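Survey of secondary and tertiary structure
Below are the chains, spelled out letter by letter.
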Amino acid sequence: MNRLPRWLLVALAIGPVTGLAIFYAWPFVTLLAEAVTATAITDTLSRRSTWEIVWFTVWQAVVSTVATIVVGLAPAYVLARFDFRGRTVLVGLLTAMFVLPTVVMGAAFLALLPDSIDRTVWAVIGAHVVFNLAVVVRVVGSLWEHLPTDMEAAAATLGASRWKVATQISMPLVRPAVTAAATIVFLFTFTSYGVIRILGAPGTRTIEVEVWRRATQLGDVGGAAVLALLQLAALVAIVSWSTVAQRRHARAIGLLATSARRRPRTSGEYRFVALIAGAALLVVAAPLAALVLRSFSTPTGWSTTAWTDLGESEIRPGIRLGIDPVEAVVNSLTNAAWATAFAVIVGALASLAIVAAGRAGRALDGGLMLPLATSAVTIGFGMLITFDTAPFDWRASWWLVPVGHALIAVPFVVRTCVGVLRSVDPALVGAAETLGASPVRAWRATVVPYLWRPLAVGAALAASISLGEFGATSFLSRSGGETMPIAIEQLLGRTGSVLQAQGFVLATLLAAATVVLVVIVERLQSPLAGRAGR
Amino acid sequence: MNDHPGLDLEGVTVSFGQLRVLDDTSISVGASEVVALLGPSGSGKSTLLRVAAGIITPDAGRVLVHGVDVTARPTHLRGVGMVFQDNQLFPHLSVIENVAFGPKMAGVARSERTERATRWLRRVGLPGFDDRRVTDLSGGEAKRVALARTLAAEPAVVLLDEPLTGLDRELHDRLADELATILRDTHVTALLVTHDRDEATTIADRTVQLADL
Amino acid sequence: MSSRVTPSSRNSSLRGIAAATVVALIVVACGSDDDSATTESTGIPTADSVTLVTYDSFPEADTSLNDALDSFTADTGIDVEILSAGDTGTMLAKASLTAGNPEGDVMWGIDNTLLSRAIADDVFEPYIAGPIADGSVEIAPEFLDLVPNGEATPVDYGDVCVNYDIEWYAERGLDPPSSFADLVDPAYAGQLVVQNPATSSPGLVFLLATIHEYGVEGWQNYWSQLGANGVEVVDSWTQAYYERFTWAGGGPTPMVVSYGSSPPAEVIFADPPRDDAPTGVIEDTCFRQVEFAGVLRGTDAPDAARQLVDFLVSDEFQRELPLNLFVYPTNQAVDLPQQFVDFAVVPDTPRSLDPAVIDAERSTWIDEWTELVLG
């Protein structure tokens with residue numbers, strides 16, 4: 001595939017590279033410029049609240065991570081080692097919770113918890129745990145599933161009871177996976193934004209939330225920029241440390257090629273599996289059920305008013321909330337459609353270029369992954385303060401929000417497509433060429449057709465990301481152009497009013513849309529999994 | 001009921017789905033006797049070992065260790081040690097920690113179990129290997145550690161699953177002699193399965209064909 | 001492996017769906033450009049429509065205020081779209097971030113406490129309203145002095161004061177509070193809802209009132225006590241008044257930061273009708289607030305915007321202010337309606353602070369307040 005002519009590679013890569021440069025690199029530089037002024041730095045770093053916020057961000061992330069690991073280990077073990085009826089459903093449910101928009105998770109917990117716990121740190125941590133359970137189950141579970149069971153049998157022949165086997169052998173062996181999962185969960189909870197804004201009390205602020213508050217409420221752009229870069233530096237440090245630590249502790253274990261799952265054999269095992277799987281099901285299903293239920297609860301009792309009168313945001317004659325829920329739905333759908341279109345086009349071009357271009361392709365791949373490492377708030381904030389002067393004053397453009405969403409979605413499209421494209425047998429291209437096709441034609445006929453299905457998966461992922469995106473949109477959306485997540489956040493804040501019930505209605509709709517998209521992705525992907533030779 | 005010391009498997013039947021792997025199979029190993037079970041690959045001899053160890057539950061049959069019916073007991077309470085074909089050394093523990101694992105599970109104090117482990121390592125010809133990582137060992141060294149580990153736990157019965165399969169010729173022959181010596185010197189009751197007739201005659205007191213059982 | 005599977009016919013149906021989606025998108029995008037208010041500023045100039053950006057308590061339809069705007073449209077042919085942008089603090093923050101490429105053409109509602117920030121952020125295009133320039137509309141010099149260069153146009157004024165529910169206190173045999181000190185009395189614990197000064201202008205004004213009372217060094221202590229006494233904080237006046245206040249919102253708190261002119265509203269909208277005010281005002285807490293309107297810098301309909309500003313100070317429009325926004329008109333020629341005269345509370349000596357001091361200390365004060373009250 002490196003025999004493709006250079007002009008083709010350039011033509012493929014030019015779009016993605018330009019897009020990345022304009023919409024990611026340039027805002028990043030602007031952010032740096034805003035932050036690196038003496039006053040901004042000294043003011044922000046000398047303010048006591050800055051360090052209190054940093055401390056809180058770290059503290060709640062650590063507690064959330066530990067709690068998620070502790071809660072998730074038993075379900076990870078059960079789902080990795082045992083086959084039982086409903087297993088795939090449970091795994092699917094856990095995954096669905098993971099891709100749920102943050103505002104929906106916040107709304108679900110708001111609906112679930114009694115008012116006394118609402119808006120406390122514990123509500124936030126609880127939401128974090130449920131969100132990230134899937135990470136522990138999948139990351140740790142996938143290692144556990146392939147651990148040689150004979151090692152545990154060997155320990156048993158040496159006199160180790162079930163408990164001793166678990167603590168002395170199994171735990172140490174899955175430790176690399178636990179560390180990897182913990183790092184991922186820590187990164188997600190460190191940059192937590194939507195959950196904090198919905199579930200946290202007004203004073204609960206992580207660095208992300210404070211960046212938003214400083215920039216949009218207090219107009220302190222410099223201070224917000226300093227905080228954003230502070231967070232970025234922390235993220236880079238954590239990721240580097242974890243990569244180094246993992247490499248040092250990497251050890252070769254002879255993993256099984258096939259899964260070691262089996263049906264529970266003894267009645268003790270049956271009870272154990274039932275207990276853990278049941279508890280896991282409850283933990284993930286309860287918030288969603290509470291969400292749907294609350295959408296029918298109005299201050300005057302149970303009714304479908306919130307559903308039927310969606311769009312009626314009147315508080316007093318002539319006075320409305322200012323956000324029309326129905327309009328928000330339309331805005332979200334429009335944004336999602338455009339964001340998906342952008343992400344799919346850019347993602348397709350980039351994937352083809354990455355796979356065809358060897359080393360340069362890897363650089364492009366890494367570059368396109370950068371927006372994932374940068375928080376959504378930072379991306380939106382950067383775009384807002386960059387594109388505000390003619391001739392680049394794009395703040396009012398209809399396409400700015402979809403572009404922001406596409407930036408975040410492209411990495412997912414690329415990962416899906418590159419994986420499939422790379423598994424195409426290169427001999428096919430050679431075969432086509434021996435039949436007389438030019439390199440370009442051979443490539444087009446044998447490689448490109450494999451792009452369509454992963455692209456469809458990427459499209460579904462991009463759509464669900466766009467629908468649920470909250471961080472970047474908090475900065476980029478204009479009055480009248482609010483999306484569903486923004487409308488949900490506004491509506492849920494009106495405690496004790498029918499407007500809050502409307503917030504739950506919107507959250508339910510968003511949850512349903514996400515679940516449908518996840519199901520589509522799973523359906524599209526299963527034939528892929530078999531084909532890629534896993 | 002110690003009138004029949006050693007290992008007895010009586011009427012063991014195991015089916016995996018429709019496939020019947022073992023059908024009413026019985027075998028006896030006397031005290032301090034080393035018996036080799038011969039059979040081609042896939043004939044079910046490893047399965048028989050795993051039934052004895054308690055890793056596989058048979059559809060029918062009994063397992064007796066030194067005359068005690070342990071069929072209902074979990075593996076760790078049977079007093080049965082096993083050397084696996086691929087060793088199954090614990091990669092997160094050092095060599096000495098691997099060998100001392102059995103005594104540790106039995107509650108032996110640290111200094112005593114370290115001393116015991118060191119002795120066993122010397123016995124299998126690996127003095128000074130205490131602090132090595134198991135991932136750094138050669139095939140022969142790993143096999144010896146696996147053997148030391150099983151024996152250090154002082155089990156009533158030792159099971160060996162194709163212990164020398166896969167080693168190169170020279171190593172194979174050398175280890176076969178050493179294995180025979182160690183098993184004899186320690187007076188263990190042992191059942192080993194293999195498909196190599198010469199290996200069986202070198203190591204064991206008595207050879208049995210699975211097909212005859 | 002891959003040789004067994006070929007791109008199946010399923011792809012052609014996927015392609016069909018993709019094509020249909022693209023067509024639909026183009027249709028929607030073209031459609032939305034024409035009639036959405038926010039795309040006024042994307043460069044599609046239409047001289048017959050202006051967008052009035054205002055706070056969320058400004059009625060969008062169905063009141064006499066809106067009727068007045070309709071007659072403006074009838075006279076000039078210019079449509080007025082109302083864009084509600086949250087409470088004033090939120091509105092200003094968005095205006096600052098979009099300065100030069102605004103979300104509308106005219107902004108109504110920046111008050112004297114936030115004006116300096118709006119000017120510093122270049123939100124407005126200076127314009128002296130025609131009727132003021134030629135003297136046909138008279139506005140008190142104290143208001144015009146606040147905008148010496150025509151940075152914005154003063155349109156209404158009032159006093160931000162703590163309101164209380166008379167019946168609620170009567171039912172419990174409690175004397176309603178009558179001073180700042182009463183608000184931190186444990187007898188009145190958990191009975192007050194205030195607004196966040198970062199997002200709401202009455203919230204900011206109330207904060208300034210406490211600073212006026214207790215001084216630059218003492219207000220922090222007062223707010224600690226308020227916090228300890230269970231004060232509730234929400235983001236906007238609408239939320240506080242229409243959702244948390246016992247009388248107007250059916251909520252749990254009998255005291256709310258609102259306006260000296262809120263009681264007349266309760267008389268006017270009372271159902272069944274009544275002839276006494278159900279809410280009272282703690283005069284001690286009142287602080288003077290002046291509101292302004294202005295042309296947003298960067299609007300692509302400057303002429304129409306100026307015409308609207310001219311209309312906003314005219315007799316016809318200002319006449320409707322008291323009974324709809326519950327504020328006093330700056331146009332001195334307008335007579336006040338009788339209910340206003342009867343029930344509105346105007347303190348003898350309203351509090352105020354030097355605008356220069358407010359400008360200098362505002363963000364520090366808001367920061368300190370946030371740390372103190374929200375934690």
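Given the structure is predicted, the values throughout are model-derived calculations rather than measurements. Per chain, residue numbering runs from 1 following the sequence as it is written. By the order in which they are written, chains take letters starting at A while ligands take numbers starting at 1. Selection of residues for local features in this predicted model requires a pLDDT of at least 70, selection of side-chain atom pairs for listing and counting requires 80 or more, and totals for whole chains, interfaces and linings are taken over all residues.

Glancing now at the overall build of chain C. In DSSP terms, a helix is any run of H or I states spanning at least four residues, a strand is any run of E spanning at least two, and both are numbered starting from the N terminus. Counting its regular elements, chain C contains 17 helices and ten strands. Three exposure classes are used. Buried residues have 20 or more other C-beta atoms within 10 Å of their own C-beta, exposed residues have 12 or fewer, and partly exposed residues fall in between, all C-beta atoms being placed from the backbone. Taking all 375 residues of chain C together, 49% fall into the buried category. Contacts are defined on C-beta atoms placed from the backbone: any two residues whose C-beta positions lie within 7 Å are in contact. In chain C, once contacts between residues fewer than 6 apart in sequence are set aside, the share between residues at least 24 apart is 77%.

Right, let's talk about the overall build of chain A for a bit. Helix and strand counts for chain A stand at 23 helices and four strands. For a compact globule of 534 residues, the expected C-alpha radius of gyration is about 24 Å, and chain A comes in at 25 Å, within 12% of that figure. The dimensions of chain A, computed from C-alpha atoms along their principal axes, are 75 × 65 × 50 Å. Within chain A, counting contacts between residues at least 6 apart in sequence, those at least 24 apart form 82% of the total. Values of the radius of gyration come from C-alpha atoms, whereas the globule rule sets the reference at 2.2 Å times the count of residues to the power 0.38.

Moving on to helix H20 (residues 452–468) of chain A. Each α-helix winds once per 3.6 residues, and so residues spaced three or four apart point in a common direction. To estimate the expected span of a helix, count its residues, drop one, and scale the result by 1.5 Å. Between the first and last C-alpha of H20 of chain A there are 24 Å, a value that for 17 residues agrees with the 24 Å anticipated at 1.5 Å per step. Among the 17 residues in H20 of chain A, 16 count as buried, and that is most of the element.

Right, let's talk about the sheet that holds strand E7 (residues 157–161) of chain B for a bit. Residue and element names in this part refer to chain B. Taken together, the five strands give an open sheet; going across it, the order is E6-E7-E8-E3-E9, and neighbouring strands pair in parallel fashion. If you trace the sheet from one side to the other, it starts and ends with strand E6 (80–83) and strand E9 (206–209), each paired once. The sheet shows a mean angle of 20° between the axes of neighbouring strands, taken without regard to direction. Here, strands pair whenever DSSP counts at least two bridges between them. Axes here refer to lines fitted to C-alpha atoms; in helices the fit is confined to the stretch in contact. Angles between the N-to-C directions go from 0 to 180 degrees.

Moving on, we come to the domain arrangement of chain C. All names here are of chain C. An automatic or database domain assignment supplies the start and end points of every domain. Taken as a whole, chain C is organised into domain 1 (45–157 + 291–329) and domain 2 (158–288 + 345–374). Each of domain 1 and domain 2 was reduced to a C-alpha centroid, and the two centroids are 26 Å apart. When residues in the side of domain 1 that touches domain 2 are grouped by element, the largest group, three residues, is from helix H3 (residues 88–97). Looking at the side of domain 1 that touches domain 2 residue by residue, the class counts come to seven nonpolar, eight polar and four charged. Just so you know the grouping, Ala, Val, Leu, Ile, Met, Phe, Trp, Tyr, Cys and Pro go in nonpolar, Asp, Glu, Lys and Arg go in charged, and all remaining residues, Gly too, go in polar.

On to the confidence of the model for chain A. Residues and elements named next belong to chain A. pLDDT measures how confident the predictor is about each residue, on a scale from 0 to 100. The pLDDT averaged across chain A works out to 85; a share of 94% of its residues lies at or above 70. Least confident of the elements in chain A is strand E3 (residues 314–316), whose mean pLDDT is 67; most confident is helix H3 (residues 48–81), at 93. Note on residues 528–534: pLDDT under 50 across the span, and eleven contacts to partners over four residues away in sequence or across chains.

This part is about the sheet that holds strand E4 (residues 60–65) of chain B. Residues and elements named next belong to chain B. Spatial ordering of the open sheet is given by E2-E1-E4-E5, a layout of four strands whose pairing is antiparallel. Here the strands that pair on one side only, and so sit at the sheet edges, are strand E2 (19–30) and strand E5 (68–69). Relative to E2, strand E1 (residues 6–16) is paired through eight bridges, and the arrangement is antiparallel. Paired with Leu7 across the two strands is Val29, which belongs to E2. This element, helix H1 (residues 45–53), spans E1, E2 and E4 of the sheet and lies at about 115° to E1.

Backbone geometry follows two general trends: most residues other than glycine have a negative phi, and most peptide bonds adopt the trans configuration. With a phi angle near 50°, His66 of chain B is a residue other than glycine that sits in the positive phi range. Here His66 of chain B lies in the loop between E4 and E5. If you check the backbone angles, Asp62 of chain C has positive phi at about 75° while not being a glycine. As for its position among the elements, Asp62 of chain C is in the loop between strand E1 (49–54) and helix H2 (64–76). Taking the C-beta count within 10 Å as the criterion, Asp62 of chain C has 13 such neighbours and is therefore assigned partly exposed.

Our next topic: the pairing of E1 of chain B. Residue and element names in this part refer to chain B. In this antiparallel pair of consecutive strands, E1 and E2, the connection spans two residues, and Gly17 shows a positive phi of 70°. In this sheet, E4 lies alongside E1 in antiparallel orientation, the contact comprising five bridges. In the sheet register, Thr13 faces E4, and the bridge partner there is Ala60.

A separate point is the environment of Asn98 of chain B. Residues and elements named next belong to chain B. Among the secondary structure elements, Asn98 is positioned in helix H2 (residues 95–99). Take Asn98: there are 26 C-beta atoms within 10 Å of it, and that puts it in the buried class. Along the sequence, Asn98 and Asp196 sit 98 residues apart, while their C-alpha atoms lie 29 Å from each other. Discounting residues that sit within four places of it in the chain, Asn98 has contacts with Leu89, Phe90, Leu93, Val134, Val145 and Arg149.

Attention now goes to the interface of chain A and chain B. Between chain A and chain B, the residue contacts involve 19 residues of the former and 20 residues of the latter. Contributing elements (two or more residues each) for the side of chain A that touches chain B: helix H7 (149–157) and helix H8 (162–190) of chain A. Per-element tally for the side of chain A that touches chain B: the top contributor is H7 of chain A, with six residues. Of the residues in the side of chain A that touches chain B, the class split is twelve nonpolar, three polar and four charged.

Right, let's get into H2 of chain C. Residues and elements named next belong to chain C. The first and last C-alpha atoms of H2 sit 18 Å apart over 13 residues, in line with the 18 Å expected at 1.5 Å per residue. Three or more residues of H2 are buried, namely Leu65, Ala68, Leu69 and Phe72. The buried residues of H2 occupy an angular sector of 100° when the element is viewed end-on, so they sit on one face. Residues of H2 that are exposed and point over 90 degrees away from its buried face: Ser71 and Ala74. As for H2, its buried residues are in contact with strand E2 (79–84), helix H13 (302–312), helix H14 (315–318) and helix H15 (321–325). Note: the arc covers the axis-to-C-beta directions of the helix.

Another point: the confidence of the model for chain C. Residues and elements named next belong to chain C. Across chain C, the average pLDDT comes to 84, with 87% of residues at or above 70. When mean pLDDT is taken per element in chain C, strand E6 (residues 192–195) scores highest with 95 and helix H1 (residues 10–35) scores lowest with 49. Throughout residues 1–14 the model reports pLDDT below 50, and contacts reaching past four residues in sequence, or to other chains, amount to 15 contacts. For the stretch residues 28–46, pLDDT sits under 50, and the model shows 30 contacts to residues farther than four places along the chain or on other chains.

This part covers the environment of Gly380 of chain A. All names here are of chain A. Along the chain, Gly380 falls in helix H16 (residues 376–386). Using a count of 29 C-beta atoms within 10 Å as the deciding quantity, one classes Gly380 as buried. Here the alpha-carbon distance between Gly380 and Val104, two residues 276 residues apart in the chain, equals 20 Å. In this structure Gly380 touches Gly404, Gly471, Ala472, Thr473, Ser474, Phe475 and Leu476, once residues within four positions along its chain are discounted.

Most contacts, when the two pairs of chains in contact are compared, are made between chains A and C. Between chain B and chain C there is no contact; the minimum C-alpha to C-alpha separation amounts to 29 Å.

Right, let's get into the environment of Ala60 of chain B. All names here are of chain B. Topologically, Ala60 is positioned in strand E4. Owing to 13 C-beta atoms within 10 Å, Ala60 belongs among the partly exposed residues under this scheme. Considered as a pair, Ala60 and Gly11 are 49 residues apart in the sequence and their alpha carbons are 6.8 Å apart. Apart from residues no more than four positions distant in its own chain, Ala60 is found in contact with Gly11 and Thr13.

Let us look at the packing of helix H14 (residues 325–356) of chain A against helix H15 (residues 358–373) of chain A. Residue and element names in this part refer to chain A. Closest axis-to-axis distance for the H14/H15 pair is 7 Å, and the angle between their directions is 140°. Compared by their axis directions, H14 and H15 come out oblique. Along the contact surface, H14 presents Ala350, Ala353, Ile354, Val355 and Ala356, while H15 presents Gly361, Leu364, Asp365 and Leu368. Its residues assigned to classes, the contact of H14 with H15 shows seven nonpolar, one polar and one charged. An angle below 35 degrees is treated as roughly parallel, one above 145 as roughly antiparallel, one from 65 to 115 as roughly perpendicular, and anything else as oblique.

Before going further, it helps to examine the packing of helix H5 (residues 139–152) of chain B against helix H6 (residues 169–186) of chain B. Residues and elements named next belong to chain B. Packing of H5 against H6 brings their axes to within 11 Å, and their N-to-C directions diverge by 15°. Relative to H6, the element H5 is oriented roughly parallel. The element H5 and its partner H6 pack so that their crossing is right-handed. Contacts from Gly139, Gly140, Lys143 and Leu151 in H5 reach Leu171, Leu175 and Thr186 in H6. Take the far helix as your reference; a near helix turned counterclockwise from it by less than a right angle gives a left-handed crossing, and one turned clockwise gives a right-handed crossing.

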